[in-house]
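# Fold and geometry: a report
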Amino acid sequence: MFIFVIFAIVGIVLAVNGARMLVRTRNFLGGAVRTDGEIVGWREEAYDPGRSTRSTKYPTLRFTTHDGRTLEVEADVGVNDWPSDDAPVTVLYDPADPEHARLGTLDGRGYLEALLFLVGGVVLAVGPYLLARG
């Protein structure tokens, strides 16, 4: 019984975090402005340093805001793969705070990561209980 409680607590924490991420993403995308940009660099963050070669890449985006300023900003949502550094990209940014920018791709918007946390948390919270009930 103790293990079910642990799984439930961890699952609930993950699900709540995923729900918060979804709300933040929805709020950001609701007011975001689209513009053309380019990727000028990457910061790579390993999932499990020392044990894995998998990583998330955070692109540095160069774009011009609607008021004419050219900025270079690291995206606040990472992506798992990107085919080419020289490909033009769509950038989404907050006009009130242009330093808050993301890639305009499905992976770069933040929905996938948030849904993964939400669904994974729910499965972790209730899955072991349902399996035990048979």
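First, a word on scope: everything that follows refers to the structure included in this document. What you see as residue numbers is a count from 1 along each chain, following the sequence as written. Where local features are concerned, this predicted model is filtered to residues with pLDDT of at least 70; where side-chain atom pairs are given and counted, the filter is 80 or more; whole-chain, interface and lining totals use all residues. Each side-chain value is derived from all of the structure's non-hydrogen atoms; neither hydrogens nor water enter the calculation.

## A closer look at the nonpolar core
Here, nonpolar core refers to any group of buried Ala, Val, Leu, Ile, Met, Phe, Trp, Tyr and Cys residues whose side-chain atoms link them within 4.5 Å. Relative accessible area decides the class of each residue, using a 1.4 Å probe on protein chains only: under 20% of the type maximum gives buried, over 50% gives exposed, and in between gives partly exposed. With 13 residues, the main nonpolar core has I39, L61, F63, V89, V91, A101 and L103 as its most contacted residues. Every helix listed is a DSSP run of H or I at least four residues long, and every strand listed is a run of E at least two residues long, numbered separately from the N terminus. A per-element tally of this core places strand 4 (residues 88–94) first, with three residues.

## Overview of the sheet that holds strand 4
Any two strands between which DSSP finds at least two bridges are classified as paired. Judged by pairing direction, the sheet is antiparallel, and its five strands sit side by side in the order 3-2-1-4-5 without closing on themselves. Strand pairing shows two members of the sheet lacking a second neighbour, strand 3 (70–74) and strand 5 (97–103), which therefore form its edges. Looking at each pair of strands side by side, their axes are set apart by 40° on average, direction ignored. Pairing analysis gives four bridges linking strand 4 to strand 5, with the strands arranged antiparallel. Within strand 5, the residue paired with Y93 across the bridge is A101. The angle between two axes is taken between their N-to-C directions and runs from 0 to 180 degrees, where each axis is a line fitted to C-alpha atoms and a helix contributes only its stretch in contact.

## Some details on the packing of helix 1 (residues 2–31) against helix 3 (residues 111–133)
Two numbers describe how helix 1 lies on helix 3: the axes approach to 7 Å, and their chain directions differ by 155°. Relative to helix 3, helix 1 is oriented roughly antiparallel. Of the two elements, helix 1 crosses helix 3, and the hand of that crossing is left-handed. Within the contact of helix 1 with helix 3, the residues separate by chemical class into 22 nonpolar, five polar and two charged. Orientation categories follow fixed angle ranges, with anything under 35 degrees roughly parallel, anything over 145 roughly antiparallel, 65 to 115 roughly perpendicular, and all other angles oblique. Put simply, a crossing is left-handed when the front helix is turned counterclockwise from the back one by less than a right angle, and right-handed when it is turned clockwise. Amino acids outside the nonpolar list (Ala, Val, Leu, Ile, Met, Phe, Trp, Tyr, Cys, Pro) and the charged list (Asp, Glu, Lys, Arg) are all regarded as polar, and Gly is one of them.

## Side note on the pattern of salt bridges
Definition used for salt bridges: Asp or Glu carboxyl oxygen within 4 Å of a side-chain nitrogen of Lys or Arg. Enumeration according to the criterion identifies six salt bridges in this entry. Residue R62 pairs with E38 through a salt bridge whose shortest N-O separation is 3.1 Å. With R62 in strand 2 (residues 55–64) and E38 in strand 1 (residues 33–46), the pair connects residues that are 24 residues apart, well separated along the chain. For E38, a relative accessible area of 36% puts it in the partly exposed group. Residue D76 pairs with R102 through a salt bridge whose shortest N-O separation is 3.1 Å. Of this pair, D76 sits in the loop between strand 3 and strand 4 while R102 sits in strand 5, and the two are 26 residues apart along the sequence. Relative accessible area serves as the criterion here: at 37%, D76 is assigned to the partly exposed category. Among the charged side chains, a salt-bridge network with shared partners connects E38, R62 and E72.

## A short note on a nonpolar patch on the surface
Each patch is built from residues lacking any salt bridge and having more than 30% relative accessible area; the joining distance is 9 Å for like charges and 5 Å for nonpolar side chains (Val, Leu, Ile, Met, Phe, Trp, Tyr). Only the protein chains shown count as covering a residue, and every accessible area follows the Shrake-Rupley method with a 1.4 Å probe. On the surface, F2, I3, I6, F7 and V10 cluster together into a nonpolar patch covering about 460 Å² of accessible area. With respect to the secondary-structure elements, F2 resides in helix 1.

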